[in-house]
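Report on the structure
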Amino acid sequence: MRETYGRLLPEMRLADLAGKLIVIEGTDGAGRSTQIDLLKPWLEELGHAVVDTGMTRSFLAGEGIRRAKEGNNLGRVTQALFYATDFVDRLENEIVPALRAGFIVLTDRYIYSLMALAIVRGMDPRWIRSIYSVALKPDAVFYLRLGIDQLLPRVVFSRGFDYWESGMDLYPSHDMFDSFCSYQAALLTEFDRLSAEFNFQMVDAAAGARTVCAHLQQNILQLLERDSRKNFMSRLYNDSTTTAHAAVQEKAQERANKPADTALFAVATPVATPSTNGNGHHHHATHHGQ
Amino acid sequence: MEIGSGVRIGPFEVFAPLQPAVSTVRHYGEHLFPGRLIVVEGIDGSGKSTQLSLVHKWLESKGYGVVFSEWNSSPLVKDTTKHGKKKKLLTPATFSLIHSTDFADRTERSILPLLKAGAVVLCDRYIYTAFARDVARGMDRDWVRELYGFAVKPAIAFYFRVPLETAIHRLLDGRDGFKFYEAGMDLNLADDSVESFRMFQGRILSEYEKMIPEFGLTVVDATLPIEVQQAQVRQIVKAHLDKAKELRVQA
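If you're wondering where the values come from, they're calculated on a predicted model, not measured in any experiment.

Describing the overall build of chain A
Across its full length, chain A holds 10 helices and five strands. Sorting the 290 residues of chain A into buried and exposed places 37% on the buried side. Contacts spanning at least 24 positions in sequence make up 77% of the contacts within chain A whose residues lie at least 6 apart.

Encoded structure:
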């Protein structure tokens, strides 16, 4: 069954979250959204239903955060909690329902980015971890890593310096360039630390988008394949036990009834046959023996 | 944690994050700022706001710099809260988080800097409101307490204790029913807003009772005449302000 990082929100049921939660993490300019744009149609082509989500996209708090960031008076604690509000709204109203419906959820950043942003702003790591202890553990975290040298031209030459991406709230006296470098370096250090703690799968984002995508696709396929096999096995196991159970019940009932009434049993037997097709029984035995 | 003047402001450093590392503490921040933080708590209809406004006028007349901060009033956050309430988007978790965001903004923007500047800061509702309401909504007790770990510890936290029925009579005198979240209608306790309010506020009252020893709340019998309560409150406030003056001289 799916797990959280320690605490459970009220009325959050973890059973039957059959979908897959796949996280794409990385700093600004690492190409996260490009990858999600490539992965989504690919997964859909394979027949998976996909939902994608990301920071500040909640119906509840997304607009409020955008407005708050327009001014330069968003405090650090306030920012951390505003993001947490946005995250939990999406967790409860997007991520969990999608997983329950069997979707693949692709999320552009997850609690790790939110932790890193807060920690580089001086928040106590224990405090921010406590808040996000209600988050679901994902099935995979792909960390698109880009060194500061490669990151700089990608971000700055395409869209210029941004106040928040440059951490100007932290280094107001610096010029944007110095501030950007200090801030992004601090973020990278924090990401590398989180990477070890939360088992990120590191992906070298300096490679071209297609190479990165091929790498991600390969890993996602493995994840899905591993899972579908497990699902198949458990379904098989459940099917054969329930049919076996039904057969036993029917036999018992038959014994209680007149032994002449064999028609019921005769009808019941073929029902069990489809699930024992091929080497179904063999699988069952292997699984059971483990 | 120690910053500059030896100020404890919570489990993490709020205002100087990239300064030299500081030790961290678990409990709510004791502060040694020259200002004084005084908060009032209690269920709706307990008369706490009336009492606080009388304290406000009294302190102003004494020449103190007094600033008032109300629950759920951050200019940066309150529109989002309003949007969430109007559209009924809030779950117990997001209700809790958006209120903590509002509180964080008021802490960073006004409460802390004003305490530093030596003001008497009066808060109508404080973290105890969140603890009572969020736990009554089913949030984890420890999670909510940790969420507000950045809060400044008040010099005095008055708890205006009133029986539920008295509060309901006072409130219904002026209006027909209760608002959706105020009555805890999101919890589906009852179809009728008055009945829901009664059940929800009952839970809140029992949370407040538990917090009296936990946080050393100062209990005021809110069934007493307004003047009697105010006299008691002023006496206690006065004792704390004497200390504040001493501190100011030292600084």
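Right, picking up where we left off after that structure.
Brief notes about the sheet that holds strand 4 (residues 140-145) of chain A
Residue and element names in this part refer to chain A. Strand order in the open sheet formed by five strands is 2-3-1-4-5, with parallel pairing between adjacent strands. Each edge of the open sheet is held by one strand with a lone partner, namely strand 2 (50-54) and strand 5 (201-204). Looking at each pair of strands side by side, their axes are set apart by 20° on average, direction ignored. Pairing geometry for strand 4 and strand 5, over four bridges, is parallel.

What to know about the sheet that holds strand 3 (residues 120-124) of chain B
All names here are of chain B. If you walk across this open sheet you meet the five strands as 2-3-1-4-5, and the pairing is parallel. The open sheet has two free edges, formed respectively by strand 2 (66-70) and strand 5 (218-221), since each of these has just one partner strand. Strand-to-strand twist in this sheet, taken as the mean axis angle between neighbours without regard to direction, amounts to 20°. Against the sheet, helix 1 (residues 48-61) contacts strand 1 (36-41), strand 2, strand 3 and strand 4 (156-161), and its axis sits at roughly 165° relative to strand 3.

Looking at the pairing of strand 3 (residues 104-108) of chain A
Residues and elements named next belong to chain A. Burial analysis of strand 3 places four of its five residues in the buried class, which makes it a mostly covered element. One ladder, built from five bridges, connects strand 1 (residues 20-26) with strand 3; its direction is parallel. Residue pairing in the sheet places Ile 22 in a bridge with Leu 106 of strand 3. Here five bridges tie strand 2 to strand 3, and the two strands are oriented parallel to one another.

Thoughts on the packing of helix 2 (residues 78-86) of chain B against helix 3 (residues 92-116) of chain B
Residue and element names in this part refer to chain B. Look at helix 2 against helix 3: their axes get within 9 Å of each other, and the N-to-C directions meet at 160°. As summarised for this structure, helix 2 and helix 3 are arranged roughly antiparallel, according to the angle between their axes. As for the relative orientation of helix 2 and helix 3, their crossing is left-handed in sense. When helix 2 is examined against helix 3, the residues Lys 78, Thr 80, Thr 81 and Gly 84 are found in contact with a partner set consisting of Thr 94, Ile 98 and Asp 102. When the residues that make up the contact of helix 2 with helix 3 are grouped by side-chain class, the tally is one nonpolar, four polar and two charged.

Cut-offs and rules
- Residues numbered from 1 in each chain as written.
- Chains lettered and ligands numbered in written order.
- Predicted model: local features only at pLDDT ≥ 70, side-chain atom pairs only at ≥ 80, totals over all residues.
- Helix = DSSP H or I, 4+ residues; strand = E, 2+ residues; numbered from the N terminus.
- Buried ≥ 20, exposed ≤ 12 C-beta atoms within 10 Å, placed from the backbone.
- Contact = placed C-beta atoms within 7 Å.
- Pairing = 2+ DSSP bridges.
- Axes fitted to C-alpha atoms, helices over the stretch in contact; angles between N-to-C directions.
- Parallel < 35°, antiparallel > 145°, perpendicular 65-115°, else oblique.
- Left-handed = near helix turned anticlockwise from the far one by under 90°.
- Nonpolar A, V, L, I, M, F, W, Y, C, P; charged D, E, K, R; others polar.

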